[in-house]
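Spelled out, the chains give:
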Number of protein chains: 2
Amino acid sequence: MRFSAPTADQQAVLTHVVGIEELAQTERFAAADAGTVQAILEGAAQFAEGEFWPLNKSGDEQGVTLKDGEVTTPDGFKQAYQAFVEGGWMSLAAPASAGGMQMPLALASALMENLNAANIAFALCPMLSLGAVEALEAYGNEELNERYLGKIVSGEWPATMNLTEPHAGSDVGALTTKATPNDDGSWMIDGQKIFITWGEHDLADNIIHLVLARTPDAPAGTRGISLFLVPKILPDGSRNDLACVGLEEKAGIHASPTCVMRYGEKGQCKGWMVGDLHGGMRAMFVMMNNARINVGLQGVGLAEVATQRAVAYALDRKQGARGAIAEYPDVRRMLLRMRALTMASRALCYYAFACLDRRAAGDEEAGYRGEVLTPMAKAWGTDVGVEVTDLGVQVHGGMGYIEETGAIQHWRDSRIAPIYEGTNGIQAADLVGRKLGLDGGQAFDGLIADIRANAQDERLHALCDMVEQTAIALRSAEADHKMAGSYPFLTMCSVLVGGWLLERLARADDATDATKAASAFFNASIVPEAAGLTAAANAGAELLYSVEVEALA
Amino acid sequence: MRFSAPTADQQAVLTHVVGIEELAQTERFAAADAGTVQAILEGAAQFAEGEFWPLNKSGDEQGVTLKDGEVTTPDGFKQAYQAFVEGGWMSLAAPASAGGMQMPLALASALMENLNAANIAFALCPMLSLGAVEALEAYGNEELNERYLGKIVSGEWPATMNLTEPHAGSDVGALTTKATPNDDGSWMIDGQKIFITWGEHDLADNIIHLVLARTPDAPAGTRGISLFLVPKILPDGSRNDLACVGLEEKAGIHASPTCVMRYGEKGQCKGWMVGDLHGGMRAMFVMMNNARINVGLQGVGLAEVATQRAVAYALDRKQGARGAIAEYPDVRRMLLRMRALTMASRALCYYAFACLDRRAAGDEEAGYRGEVLTPMAKAWGTDVGVEVTDLGVQVHGGMGYIEETGAIQHWRDSRIAPIYEGTNGIQAADLVGRKLGLDGGQAFDGLIADIRANAQDERLHALCDMVEQTAIALRSAEADHKMAGSYPFLTMCSVLVGGWLLERLARADDATDATKAASAFFNASIVPEAAGLTAAANAGAELLYSVEVEALA
């Protein structure tokens, strides 16, 4: 099967949802003129199709191996990564001050989506570097950034994010990795981190680890955490005291090394603080925020490639009197559902980034909206990824379950995304716990008001009412009730925003038939389904605590 | 993790949903007295926990291998299968005339559920034999049954179902395997079959293949198909001309050999017709009907074990201020949802079998109801399996994606069930295309009337209204509109029946707290969600054909 990047659909989102032309009129994004945008979209398509996609299946089959602390990536990965760096793709959205092209994140979305669609395991490597660029840009001191930022921005030295420890996952504050000050301003790092994506590999000469750790006498919990930059190779060219001591065996993303990292086995692991003492969580959120939307784009990318594959199969596979199975209503239902969910989640993720772009260009209000949209983009984008790849398997029938076909790889690969970068449950908690009240509640309410003013379909309006009423109820509810309804509420909100943006795409003069059909299907089927979540979102926590958990075993 | 068969919950379903005591008063099931039922439930639990479960993970890891036409099963499988045969488990529901214990299928459900929970890959072997027993019992001639039925019933010679060919999947009528008559009443079989579960293995001395094939000058399509019994070892002790020529690599059920079977490579593959010339489809439906509910029970079994695993993990895993993650509302929501879906789908599947049991005991009306329930049991049961195992992965967070943990195996294993034995889309088509009109529509309407008379929760009544109105609309709709709404309609119906039966369980005097909470959650959250499918079920086909499928790529 040939993956074909959805350039025209991406262009439509950039034009009608992101407002890329408007963004290009700001000083910050002046370089994003129409010609450049077009060239980048086409180049990103070509690169993903030509370099990453051919390695997707072989990478899954071959996987990564660990021997004597060295991680070997699948055949061809090194060359493809080299091409990625040489093409300048890593620096697309990085600020000019750091050597980047300073393009909008919303435009970089198209690149990331394509890389994810073409080879999600591979795309994780640059994705994590992006977070590091943000963190260093915001908090790194001049000396540190002088030494590392340019190399990370160029892609020469990929970066990693080290948060999780065996007993500190969603509860980051429980981490125990220690940082002890040296005389020269550097620190000694000592601890073990798990689930470190691309923590060790053979793609580059150096790897820059950003590591959360606890300084001596730091306060307990998240308030006592600081962030450190820990390079694999020290400035003097010697090897730092850090190593990959294990690789996880996972259900998917086989070509992405998920490492157990040991820092300071010999007490000689050197790092430098990024930002303030005990400022680790702030820096981490900077790292994670964009990463969250990018994980949403993993769902979108996988949904896109799964849809393309399913459509191709449904047109090719003949069964029964109608010929191609694409001619049967229930198969059409699945294909149109796949396309509708893919388009709507794409619009949502790009839009979330566009709001952050507007903040970077000076519009603080848009920035708040971006923050409201972030948990939706992450959670719903990745839920869509799992659902659409699942439907893709189903369209293939018996062939879908066979590895040779390829459809099931997308499904296996998709399942990590609702988990990492903050589980989707954490996203839902973020939405009701923090984002509903952001900027005095105006960030959320302004979004709803815009949808009400702009959406046309009556079913969208009905859902809008339910979302608004639920939001009012959740705001005044006790914490447990809020959390009890958080997940269904997040889905309702996401479907509302996705449906609204998809409708906007369908109303454009140059809307394709597929977009129109997708929007019509979305409003006819998916929006009423989301409305069906209202009861669950308002159900409260009492029932959840009416039984001992032990009794559920 | 220790799997513990849900004996008490199964007993409750047998008592309050199946009406096992009533069944035991019929002549057919006179042997199913309370003491026997209890002993069987306990024995089935012990067997699944002690023999199948310990091989679940190792079987997944080791998988099956093919060498020189011989399939080697994972370590321990041969001994466990021997124990299965010696325990007499295979013959539980087979008629006494065939050497069986003639227990109700509804009771055998508990055994099958446990086997599926403990080791779905392994459980597929006996499951397919069950279908063969039904087919031979109904259509095999005396001589053939004399030779084979007893051995299949005992489990000594497992049986297989051979339907699919590369170009004949859901469209069975397209198959091209040929059967040519010999002088002695036997036939020569020539063709290739794919996706043959447990088509070849080392568990037994002989394997009995039931093969659909086309006789010379047979009419095209399904009307020209006949069924043949094709033993691996011929009555004279010589090897028949058939072989496993390939094994599929799948995303799950690794310990179950999925074979490409070649019949008659040397023109010497001998078989015997089962039933009438061109009566293959009828026989196949007999084989498949019970298999469909048993596949639903695969979903139930995997949901059960995934729920147990998730509850154990959520109680053990500490994160944040509340201690165990089970104390967080959204985790509770997931756990209660898992338990509720598991209980409701169990009740539905057992109930479907109970209706078929009543038919066997002389109640034809109940038999029609069983036929109405069959597509729901298969499709919704397997959808529940995928959803609940997916939630189980999510409860585990990052550990969920790691193979070592075990949660992801259930998810991988679960994904085949919505596909085989008739895809869930085929089930939905069966529901609206055939079952809605069965017995002049009385079978379906009678079920709805019973629910209306018996259910108490107002949300169940609201859903009942929507199902009824949708049924009226679909009955009078054109075929394409019917099919367009079939899948959401099937889900609505299944949730209605499942919710009704679960409520019945919760109302029993001896109902557990977990059952009460599960039913309350089901009515509060899952029933309103299903009501949200009403629009999709009534949306019609027009929209689906408003766009060229090619444009969705």
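As annotated in an unreviewed UniProt entry, chain A is Acyl-CoA dehydrogenase family protein from Sphingomicrobium clamense.

J.: Teacher, can you tell me more about the overall build of chain A here?
T.: The secondary structure content of chain A amounts to 18 helices and 10 strands. Taken over the C-alpha trace, chain A has a radius of gyration of 23 Å; the compact-globule value for 553 residues is 24 Å, and the two agree within 12%. Counting only C-alpha atoms, chain A reaches 75 × 60 × 55 Å along its principal axes. For chain A, long-range pairs separated by at least 24 residues make up 76% of all intrachain contacts whose partners lie at least 6 apart in sequence. Only carbon and sulfur atoms are counted for the fraction: they give 49% of the accessible area of chain A, which is about 18200 Å². Within chain A, the 70 negative side-chain charges are centred at a point lying 3 Å from the centre of the 43 positive side-chain charges.

J.: I tried to follow the side chain of Lys378 of chain B on my own but got confused; where do I start?
T.: Residues and elements named next belong to chain B. Mapped onto the elements, Lys378 comes out in helix 10 (residues 364-395). No salt bridge is formed by the buried Lys378; its nearest oppositely charged neighbour, Asp383, is found at 7.7 Å. The residues contacting Lys378, other than those within four sequence positions of it, are Arg292, Val295, Gly296, Ala417, Pro418, Ile419, Tyr420, Glu421, Gly422, Thr423, Asn424 and Gln427.

J.: When you look at helix 12 (residues 424-433) of chain B in this model, what are you seeing that I'm missing?
T.: With seven of its 10 residues buried, helix 12 of chain B lies for the most part within the structure. Residues of helix 12 of chain B that are buried: Asn424, Gly425, Gln427, Ala428, Asp430, Leu431 and Val432 of chain B.

J.: Just checking my understanding: could you explain the interface of chain B and chain A for this structure?
T.: One widely used convention gives an interface's size as the accessible area the parts lose upon coming together. Listed per partner, the contact involves 81 residues of chain B and 81 residues of chain A. In terms of surface lost to chain A, no three residues of chain B exceed Tyr401, Arg415 and Leu552 of chain B, which account for 12% of the buried area on that side. Taken together, chain B and chain A are joined by four salt bridges. When the shortest N-O distance is used, the salt bridge between Arg415 of chain A and Asp390 of chain B registers 2.8 Å. Scanning the region where chain B abuts chain A turns up 42 residue pairs in polar contact (both at pLDDT 80 or more).

J.: Sorry if this is basic, but what is going on with the UniProt feature "domain: Acyl-CoA dehydrogenase/oxidase C-terminal" (unreviewed entry) in chain A here?
T.: Mapped onto the present numbering, the UniProt feature "domain: Acyl-CoA dehydrogenase/oxidase C-terminal" (unreviewed entry) falls on residues 279-431 of chain A. Within residues 279-431 of chain A, the helical portion is 76% and the strand portion 0%, while the C-alpha atoms at the span's ends are 23 Å from each other.

J.: Hey, could you run me through the packing of helix 14 (residues 458-475) of chain A against helix 16 (residues 486-507) of chain A in this one?
T.: Describing two packed helices takes the angle between their axes plus the distance from one axis to the other. All names here are of chain A. Between helix 14 and helix 16, the shortest axis-to-axis distance is 10 Å and the interhelical angle comes to 145°. Seen along the crossing, helix 14 lies across helix 16 with a hand that is left-handed. In contact with Leu460, Leu463, Cys464, Met466, Val467, Thr470, Ala471 and Leu474 of helix 14, helix 16 contributes Phe489, Met492, Cys493, Val495, Leu496, Gly499, Trp500 and Glu503.

J.: Whenever I open this one, the UniProt feature "domain: Acyl-CoA dehydrogenase/oxidase N-terminal" (unreviewed entry) in chain A confuses me. Can you help?
T.: Feature annotation in UniProt places "domain: Acyl-CoA dehydrogenase/oxidase N-terminal" (unreviewed entry) on residues 38-156 of chain A, given in this structure's numbering. As a span, residues 38-156 of chain A carries 67% helix and 5% strand, and end to end its C-alpha atoms are 26 Å apart.

J.: I tried to follow the relation of the copies chain B and chain A on my own but got confused; where do I start?
T.: Put simply, the second copy of the chain is the first one after a rotation about an axis and a shift along it. Rotating chain B by 180° and moving it 0.0 Å along the rotation axis overlays it on chain A with an RMSD of 0.0 Å. Both copies are brought into coincidence by an operation consistent with a two-fold rotation axis. Identified as the residue of chain B closest to the rotation axis by C-alpha distance is Gly532 of chain B, at 2.1 Å. Both copies contact each other with a shared surface, as 100% of the interface residues of chain B are interface residues in chain A too.

J.: Mind showing me how you'd approach the nonpolar core here?
T.: For soluble globular proteins, the rule of thumb is that nonpolar side chains tend to be buried together. Of all hydrophobic cores here, the largest spans 304 residues; its most connected members are Leu335 and Phe489 of chain A together with Leu335 and Phe489 of chain B. Residues within four places of Phe489 of chain A in sequence aside, it is in contact with Leu431, Val432, Leu436, Phe444, Val467, Thr470, Ala471, Leu474 and Ala537 of chain A.

J.: So what exactly am I meant to see when it comes to the packing of aromatic side chains here?
T.: The way to describe two aromatic rings as a pair is by their centre distance and the angle between their planes. In total, this model carries 29 aromatic pairs over all chains according to the counting rule given. Centroid distance Trp411 of chain A to Trp411 of chain B: 3.6 Å. Interplanar angle 20°. Geometry classified as stacked. Here Trp411 of chain B lies in helix 11 (residues 407-414) and Trp411 of chain A lies in helix 11 (residues 407-414), a pairing that spans two chains. Assigned by exposure class, Trp411 of chain A and Trp411 of chain B land together as buried. Plain terms: the ring middles of Phe444 of chain A and Phe489 of chain A are 6.0 Å apart, the flat faces sit at 35° to each other, and that makes the pair tilted.

J.: Teacher, can you tell me more about the pattern of salt bridges here?
T.: Any two side chains of opposite charge can pair, given that their charged atoms come close. Residue and element names in this part refer to chain A. According to the stated counting rule, one finds 64 salt bridges over all chains in the structure shown. Close ionic contact of Asp276 with Arg282 constitutes a salt bridge, the shortest N to O distance being 3.5 Å. Because the salt bridges share partners, they merge into one network encompassing Glu70, Glu200, Lys232 and Arg239.

J.: For this particular structure, what's the right way to read unusual backbone geometry?
T.: Peptide bonds are, in most cases, trans, and in most cases residues other than glycine have a negative phi. Of note, the phi angle at Asp439 of chain A is positive, near 55°, even though the residue is not glycine. Within the secondary structure, Asp439 of chain A sits in the loop between helix 12 (424-433) and helix 13 (442-454). Here the phi dihedral of His278 of chain B falls at roughly 65°; this positive angle occurs in a residue that is not glycine. Structurally, the position occupied by His278 of chain B is in the loop between strand 10 (270-274) and helix 8 (280-316). Under the relative-accessibility criterion, His278 of chain B is labelled partly exposed at 28%.

J.: When you look at the side chain of Arg292 of chain B in this model, what are you seeing that I'm missing?
T.: Locating Arg292 of chain B in the fold gives a position in helix 8. Discounting chain neighbours no more than four positions away, the residues touching Arg292 of chain B are Thr374, Lys378, Glu421, Gly422, Ile426, Gln427 and Asp430 of chain B.

J.: Any chance you could explain helix 6 (residues 105-139) of chain A here in plain terms?
T.: Given 3.6 residues per turn, any residue in an α-helix points the same way as the ones three and four places further on. Taking 1.5 Å as the rise per residue, helix 6 of chain A with 35 residues should run 51 Å; its terminal C-alpha atoms sit only 19 Å apart, a clear shortfall. The axis of helix 6 of chain A is deflected most strongly, by about 135°, at Asn119 of chain A.

J.: Got a minute to help me understand the pairing of strand 4 (residues 178-181) of chain B in this structure?
T.: Remember that side chains alternate between the two faces of the sheet whenever the strand is regular. Residues and elements named next belong to chain B. Strand direction decides the pairing type here: strand 4 and strand 5 (residues 187-197), joined by four bridges, are antiparallel. Across the sheet, residue Lys178 finds its bridge partner in strand 5, namely Asp190. Hairpin connection from strand 4 to strand 5: five residues lie between these consecutive antiparallel strands, with Gly185 at a positive phi of about 95°.

J.: Can you walk me through the environment of Leu149 of chain A in this structure?
T.: All names here are of chain A. Within the secondary structure, Leu149 is located in helix 7 (residues 142-154). Between the C-alpha atom of Leu149 and that of Gly370, which follows or precedes it by 221 residues, the distance is 25 Å. When sequence neighbours within four positions are dropped, the list of residues in contact with Leu149 reads Ala98, Val133, Leu136, Glu137 and Leu144.

J.: Can you help me understand the confidence of the model for chain A in this one?
T.: The predicted coordinates ought not to be read in detail in places where the model reports low pLDDT. Residues at a pLDDT of 70 or more form 100% of chain A, whose mean pLDDT is 97. Reported for the predicted complex are a pTM of 0.98 and an ipTM of 0.97.

J.: I keep staring at the state of the cysteines and nothing clicks. Help me out?
T.: Such a bond, covalent and formed between the sulfur atoms of two cysteines, is termed a disulfide. Under the defined criterion, the tally for this structure stands at zero disulfides over all chains. No disulfide involves Cys259 of chain A; its sulfur sits 3.7 Å from that of Cys244 of chain A, the nearest cysteine. No disulfide involves Cys125 of chain B; its nearest neighbouring cysteine sulfur is the one of Cys259 of chain B, lying 11 Å away. Overall, Cys125 of chain B belongs to the buried group, its relative accessible area being 2%.

J.: Is there a simple way to think about the environment of Glu137 of chain B in this case?
T.: Residues and elements named next belong to chain B. Relative to the elements of secondary structure, Glu137 occurs in helix 6 (residues 105-139). Given the relative accessible area of 35%, Glu137 is considered partly exposed. The contacts of Glu137, once residues within four sequence positions are left out, are Pro95, Ser97, Ala98, Asn145 and Leu149.

Reading guide: rules and limits
- Residues numbered from 1 in each chain as written.
- Chains lettered and ligands numbered in written order.
- Predicted model: local features only at pLDDT ≥ 70, side-chain atom pairs only at ≥ 80, totals over all residues.
- Heavy atoms only, no water.
- Helix = DSSP H or I, 4+ residues; strand = E, 2+ residues; numbered from the N terminus.
- Rg over C-alpha atoms; globule rule 2.2 N^0.38 Å.
- Contact = heavy atoms within 4.5 Å.
- Areas by Shrake-Rupley, 256 points an atom, 1.4 Å probe, with all protein chains shown as cover.
- Lys, Arg positive; Asp, Glu negative; His and termini not counted.
- Charge placed at Lys NZ, Arg CZ, Asp CG, Glu CD.
- Buried < 20%, exposed > 50% of the residue type's maximum accessible area, 1.4 Å probe, protein only.
- Salt bridge = Lys/Arg side-chain N within 4 Å of Asp/Glu carboxyl O.
- Buried area = accessible area lost by both parts, 1.4 Å probe.
- Polar contact = N/O pair within 3.5 Å; in protein donor to acceptor, adjacent residues only side chain to side chain.
- UniProt positions renumbered as here; feature names shortened; annotations may be inferred.
- Axes fitted to C-alpha atoms, helices over the stretch in contact; angles between N-to-C directions.
- Left-handed = near helix turned anticlockwise from the far one by under 90°.
- Least-squares fit on C-alpha atoms with pLDDT ≥ 70 in both.
- Core = buried A, V, L, I, M, F, W, Y, C linked by side-chain atoms within 4.5 Å.
- Phe/Tyr/Trp six-rings, centres within 6.5 Å; stacked < 30°, edge-to-face > 60°.
- Expected span 1.5 Å × (residues − 1).
- Bend = angle between axes of the 7 residues up to and from the residue.
- Pairing = 2+ DSSP bridges.
- pLDDT = per-residue confidence, 0-100.
- Disulfide = S-S within 2.5 Å.

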